[in-house]
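Chain residues, written in single-letter form:
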Amino acid sequence: MSTTVENIQRQIGENPILIYMKGTPQLPQCGFSAQTVQALMACGERFAFVNVLDNPDIRAELPKVANWPTFPQLWVEGELVGGCDIVAEMHQSGELETLVKAAAARAQEGEGDAQA
């Protein structure tokens, strides 16, 4: 059985665009998660999410793994982008959409390679 840290590392490695949040994209359970997921959804690409309220082990361990104490946390291609303030700022400047669309395109290319 894998440890919580291994699960977190697997989730980050397997999902090119991943948000750790309180609640779900359809039903966020805090204002910061709601604001962050709205910005992410506005980019128009598919993304994965983990509801940390349903996963107390991940909620406890991820801040240590990420060296980031709060939620939500947006991860793109294995790198922590940041939380609500950073994501909102990037959304306003257009940086978020550029980053997310590029990651989604690379992920699609990778899927095409795997099928060949």
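Residues numbered from 1 in each chain as written. Predicted model: local features only at pLDDT ≥ 70, side-chain atom pairs only at ≥ 80, totals over all residues. Heavy atoms only, no water.

So, on to the pairing of strand 4 (residues 79-82). As paired elements, strand 3 (residues 73-76) and strand 4 share 3 bridges and run antiparallel to each other. Looking at the pairing, Leu 74 lines up with Gly 82 of strand 4. Hairpin geometry of strand 3 and strand 4 is characterised by an intervening segment of 2 residues between the two adjacent antiparallel strands and by a positive phi of about 50° at Glu 77. (Pairing = 2+ DSSP bridges. Helix = DSSP H or I, 4+ residues; strand = E, 2+ residues; numbered from the N terminus.)

Turning our eyes to something else, we now look at the packing of helix 1 (residues 4-14) against helix 3 (residues 56-66). Between helix 1 and helix 3, the shortest axis-to-axis distance is 9 Å and the interhelical angle comes to 75°. The pairing of helix 1 with helix 3 is recorded here as roughly perpendicular in orientation. Along its contact with helix 1, which presents Thr 4, Val 5, Ile 8 and Gln 11, the element helix 3 presents Asp 57, Ile 58, Glu 61, Leu 62 and Val 65. Of the residues contributing to the contact of helix 1 with helix 3, the split by class is 5 nonpolar, 2 polar and 2 charged. (Axes fitted to C-alpha atoms, helices over the stretch in contact; angles between N-to-C directions. Parallel < 35°, antiparallel > 145°, perpendicular 65-115°, else oblique. Contact = heavy atoms within 4.5 Å. Nonpolar A, V, L, I, M, F, W, Y, C, P; charged D, E, K, R; others polar.)

Take the UniProt feature "binding site: glutathione" (unreviewed entry) in the protein next. Per the UniProt record, "binding site: glutathione" (unreviewed entry) is found at Lys 22, Arg 59, Phe 71, Cys 84 and Asp 85. With respect to the helices and strands, the residue Lys 22 is situated in the loop between strand 1 (17-21) and helix 2 (31-41). Aside from chain neighbours lying at most four places away, what touches Lys 22 is Pro 28, Gln 29, Cys 30, Ser 33, Asn 51, Val 52, Leu 53, Arg 59 and Phe 71. Examined against the element boundaries, Phe 71 turns out to sit in the loop between helix 3 and strand 3. Phe 71 sits in the buried class, given a relative accessible area of 10%. Beyond its immediate chain neighbours, meaning those up to four positions away, Phe 71 contacts Tyr 20, Lys 22, Phe 32, Val 52, Ile 58, Arg 59, Leu 62 and Pro 63. (UniProt positions renumbered as here; feature names shortened; annotations may be inferred. Buried < 20%, exposed > 50% of the residue type's maximum accessible area, 1.4 Å probe, protein only.)

Core analysis: the largest hydrophobic core is formed by 16 residues, its most contacted members being Ile 17, Ile 19, Leu 40, Leu 74, Leu 96 and Val 100. Counting residues per element, the ones that place at least two in this core are strand 1, helix 2, strand 3, helix 4 (84-93) and helix 5 (95-115). Of all the elements, helix 5 adds the most residues to this core, at 4 residues. Those residues in contact with Ile 19 that lie beyond four places of it in its chain are Thr 36, Val 37, Leu 40, Phe 47, Ala 48, Phe 49, Val 50, Pro 72, Gln 73 and Leu 74. Ile 12, Leu 18, Val 52 and Phe 71 belong to the second largest nonpolar core, which has 12 residues in total. (Core = buried A, V, L, I, M, F, W, Y, C linked by side-chain atoms within 4.5 Å.)

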